[in-house]
Amino acid sequence: MALLGRPLLLVPKSLRYISPLTCRLHIYAPCASPTGVKTKITYPSKATVTPIFRNAPLFAERTALRDCHGFYTYMGLFLSSRQLANQITELLKGKEQERVAFLCPNDASYVITQWACWMSGQIVIPLSPLHPEASLQYFITDSDASLLLTTNEFAPKLEGIAQSSGRRLLVIDDALRTLAMKPEIKVDPSQVDYIQPSGPVTDDINAGLEDDFYADSSAMIIYTSGTTSNPKGVVLSYRNLEAQVQSLVEAWNITSKDNVLHTLPLHHIHGIVNGMMCPLTVGGRCTMLPQFSSSKVWAQLLAIRMKAADRVNVFMGVPTSYVKLIEEYELIFSNNEKMREYIQKILSEKIRLMTSGSAPLPTPIFERWEKLSGHRLLERFGMSEVGMALSNPLNPSSDRRPGFVGTPLPGTKVRIVRTEKGEQNPNEVKEEVLCEGDQNGTKVLVNDGEPTIGQLHVKGPNVFEGYWRKPETTAKEFAADNWFKTGDTAQFVDGSYKILGRTSVDILKTGGYKVSAVEVETALLGHPDIIDCSVVGLPDATWGQKVAAVVVTRPGAEILLSQVREWSRDKLPPYAIPTVLRVLDKIPRNNLGKVNKVNMVKEVFPVSDSKPLKK
């Protein structure tokens, strides 16, 4: 593809350069506070939605991103995105709201592609190189993508699909990314003119469509992980994404001073919104690794062979991330007392925030990480359909309890609903709202002596538009009063919410009791010989379901069901103690640490024993 010329980012007084692009370029000084005070972005009206790329010129030559290739400025990313946007618009003949499926590595090319598609007014479908060809084919076909976009590295993964489906494939080369890199220009600051912005970005540096378009259009389709059913396309609008970002920026005090270490997959909300869009919205930095590597993450956290200005201060991970980091710590550092003290000092003083999400965090991991790092991990709850909905408090001295996900985030409402079938008519469903809350607090509405446990519902501007081309499925997932039914069972206790698991696979019914698979898993992970586990329900003619544990033991250890049951007697109620045990070398998890329990039951227990079980 032809690349247009680039305007310089710094303009010495002795030189004025007019871009070959048909616009005049003003040079903006970084408007973000050098002290890291939260950046205030003012929008013209409440109805206006500002897509993330519109903020980039406000931060001009500030460093936005560092990847395995180098450093990138906000203006560099903006201009490369605009060039690619022109190409996309041309290929799609000026159409808007077409679907563009893109497959990019975790580097600047991802940001450039995302911004370019939005500048062109398209709906992005981010793909993952970890997906097998069949999954890529499904996402592309189901979304009816008009254009496929990738880099030279991943072109072979999409060429066959493009050819067989008759879709256009645009391959961008490294030149587009390279041109966005931070220029090595040595200029005396006294000889540089800066134009201070007096308000929103002007037409002098412009990209994208009219404001009205972004206020009422779809931005992205994210496919669910498919752990309980076939993946569905979650349609998120620009307004949804803005609400999700601003909620976290406020709750977690994300500022221009933050440098987020990013190791997450970029086809899920966690990596896209939390890890990448939040810092890039407020003029912060994103340090992006190609993939998670425990040794490389430790090097970043400890700033080994790194300038102080490039040090990260925020890390967002999944439980598996912390498991791997602890394993590396135990292997390399645990026997060196001075190193242990040094690590705790660095992490507790230099890292501002460490979060965990996308899967339940086992209590032993929470406690071990606190001991070695000084950080009580901030757990939160979110999903593709709503972004983040619940979060523990930012203040680490506040009540962060393992297994709890805190309270509603700004702008979000949640409630817990008890659902019961009618006594006379099983098809009749009775719903009772047990509690309802927002960022200002939760009010318990039913005090009947029973625990406040039920299905979690969410409402707010963060909640998605619907499932792509599935109106009936969408309608089923919303209550009559427009609350989204998450499909998770939650409990409100002592002022905080706790996720007990997916209602369909994690809430087991045995002998008339309801058992949270997540709580059983948490208990079993406290066993000294168990390093990983997953709990599922197996059909049983007598008890309804049997509690079955699939475990991975530490190297050299052997474990029997009788030992597990005896060990669990003072940690779990009798009806929740596993009655079936399977030992595996590894529990299959996706890249966010989630287990597809439906598949696990089929693969690990191909023929379930339905004989009566003596307890």
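Since this is a predicted model, take the numbers as computed values, not measurements.

Draft legend 1. Geometry of the overall build of the chain. When its secondary structure is counted, the chain shows 17 helices and 27 strands. Within the chain, the fraction of its 615 residues that count as buried is 54%.

Draft legend 2. The arrangement of the sheet that holds strand S26 (residues 544-553) in detail. Strand order in the open sheet made by the 3 strands is S25-S26-S27, with mixed pairing throughout. In this open sheet, the two edge strands, each paired with only one partner strand, are strand S25 (530-540) and strand S27 (580-583). Ignoring which end each strand starts from, the neighbouring axes of this sheet average 25 degrees apart. As paired elements, S25 and S26 share 10 bridges and run antiparallel to each other. When the bridges of S26 are listed, Asp-540 appears paired with Gly-544.

Draft legend 3. Broad picture of the pairing of strand S24 (residues 513-516). Inspection of the sheet shows strand S23 (residues 507-510) paired to S24 by 4 bridges, in the antiparallel sense. From the neighbouring strand, Lys-509 faces S24, where its bridge partner is Lys-514. In sequence, S23 turns back onto S24 through a hairpin of 2 residues, with Gly-511 there showing a positive phi of about 60 degrees.

Draft legend 4. A look at a negative patch on the surface. A grouping of Glu-210, Asp-212, Asp-216 and Glu-465 is seen on the molecular surface, where their side chains present a negatively charged patch. Checked against the element boundaries, Glu-465 lands in the loop between strand S19 (453-459) and strand S20 (466-467). When its relative accessible area of 42% is taken as the criterion, Glu-465 is described as partly exposed.

Draft legend 5. Structural detail: the confidence of the model for the chain. Mean pLDDT over the chain: 86, with 86% of residues reaching 70 or higher. Counting contacts from residues 609-615, a segment whose pLDDT is below 50, to residues more than four positions away or on other chains yields 17 contacts.

Draft legend 6. Main features of the packing of helix H3 (residues 108-119) against helix H9 (residues 269-281). Packing of H3 against H9 brings their axes to within 13 Å, and their N-to-C directions diverge by 80 degrees. The orientation of H3 with respect to H9, classified from their angle, is roughly perpendicular. In this structure, H3 uses Tyr-110, Val-111, Gln-114, Trp-115 and Trp-118 to contact H9, whose residues at the interface are Ile-272, Met-276, Met-277 and Leu-280. Its residues assigned to classes, the contact of H3 with H9 shows 8 nonpolar, 1 polar and no charged.

Draft legend 7. View of the packing of aromatic side chains. Throughout the structure, instances matching the rule amount to 22 aromatic pairs. Residues Phe-315 and Tyr-322 carry aromatic rings whose centres are separated by 5.8 Å and whose planes lie at 75 degrees to one another, so their mutual orientation is edge-to-face. Clustering of aromatic rings is evident, with ring pairs tying together Trp-298, Phe-315, Tyr-322, Tyr-329, Phe-333 and Trp-369. Looking at Lys-571, its charged tip hangs above the ring of Trp-567, at a distance of 4.2 Å from the centre.

Draft legend 8. Structural context of helix H10 (residues 294-301). For H10, every residue scored as buried is listed here: Ser-294, Val-297, Trp-298, Gln-300 and Leu-301. The buried residues of H10 occupy an angular sector of 160 degrees when projected down its axis, which confines them to one face. Two residues or fewer after H10 comes Ala-303, characterised by a positive phi angle close to 55 degrees.

Draft legend 9. Local environment of the packing of helix H2 (residues 74-91) against H3. It is at 7 Å that the axes of H2 and H3 come closest, and there the two elements cross at 55 degrees. Between H2 and H3, the interaxial angle falls into the category oblique. Like other packed secondary-structure pairs, H2 and H3 cross with a definite hand, here right-handed. Where H2 abuts H3, its residues Tyr-74, Leu-77, Phe-78, Ser-80, Ser-81, Arg-82, Leu-84, Ala-85 and Ile-88 lie against Ala-108, Val-111, Ile-112, Thr-113, Trp-115, Ala-116, Cys-117 and Met-119. Looking at the contact of H2 with H3, its residues break down into 13 nonpolar, 3 polar and 1 charged.

Draft legend 10. Main features of the state of the cysteines. The final tally for this structure, using the stated rule, is 0 disulfides. This cysteine, Cys-117, is not joined by any disulfide, and Cys-104 carries the nearest cysteine sulfur, 8.6 Å off. Assessed through its relative accessible area of 0%, Cys-117 is described here as buried.

Draft legend 11. Region of interest: helix H8 (residues 238-251). For H8, spanning 14 residues, the distance from its first C-alpha to its last is 20 Å, which sits close to the expected 20 Å at 1.5 Å a residue. Within H8, 10 of the 14 residues are buried, which leaves it mostly tucked inside the rest of the structure. Considered for burial, the residues of H8 that qualify are Tyr-238, Asn-240, Leu-241, Glu-242, Ala-243, Gln-244, Val-245, Ser-247, Leu-248 and Val-249. Residues of H8 that are buried in the fold lie against H3, helix H7 (211-215), strand S7 (218-223), strand S8 (233-237), H9 and strand S14 (387-391).

Each value, and the rule that gives it
- Residues numbered from 1 in each chain as written.
- Predicted model: local features only at pLDDT ≥ 70, side-chain atom pairs only at ≥ 80, totals over all residues.
- Heavy atoms only, no water.
- Helix = DSSP H or I, 4+ residues; strand = E, 2+ residues; numbered from the N terminus.
- Buried < 20%, exposed > 50% of the residue type's maximum accessible area, 1.4 Å probe, protein only.
- Pairing = 2+ DSSP bridges.
- Axes fitted to C-alpha atoms, helices over the stretch in contact; angles between N-to-C directions.
- Patch = residues over 30% accessible without salt bridge, like charges linked within 9 Å, V, L, I, M, F, W, Y side chains within 5 Å.
- Areas by Shrake-Rupley, 256 points an atom, 1.4 Å probe, with all protein chains shown as cover.
- Salt bridge = Lys/Arg side-chain N within 4 Å of Asp/Glu carboxyl O.
- Lys, Arg positive; Asp, Glu negative; His and termini not counted.
- Charge placed at Lys NZ, Arg CZ, Asp CG, Glu CD.
- pLDDT = per-residue confidence, 0-100.
- Contact = heavy atoms within 4.5 Å.
- Parallel < 35°, antiparallel > 145°, perpendicular 65-115°, else oblique.
- Nonpolar A, V, L, I, M, F, W, Y, C, P; charged D, E, K, R; others polar.
- Phe/Tyr/Trp six-rings, centres within 6.5 Å; stacked < 30°, edge-to-face > 60°.
- Lys NZ or Arg CZ within 6 Å of the ring centre and 35° of its normal.
- Arc of directions from axis to C-beta.
- Left-handed = near helix turned anticlockwise from the far one by under 90°.
- Disulfide = S-S within 2.5 Å.
- Expected span 1.5 Å × (residues − 1).

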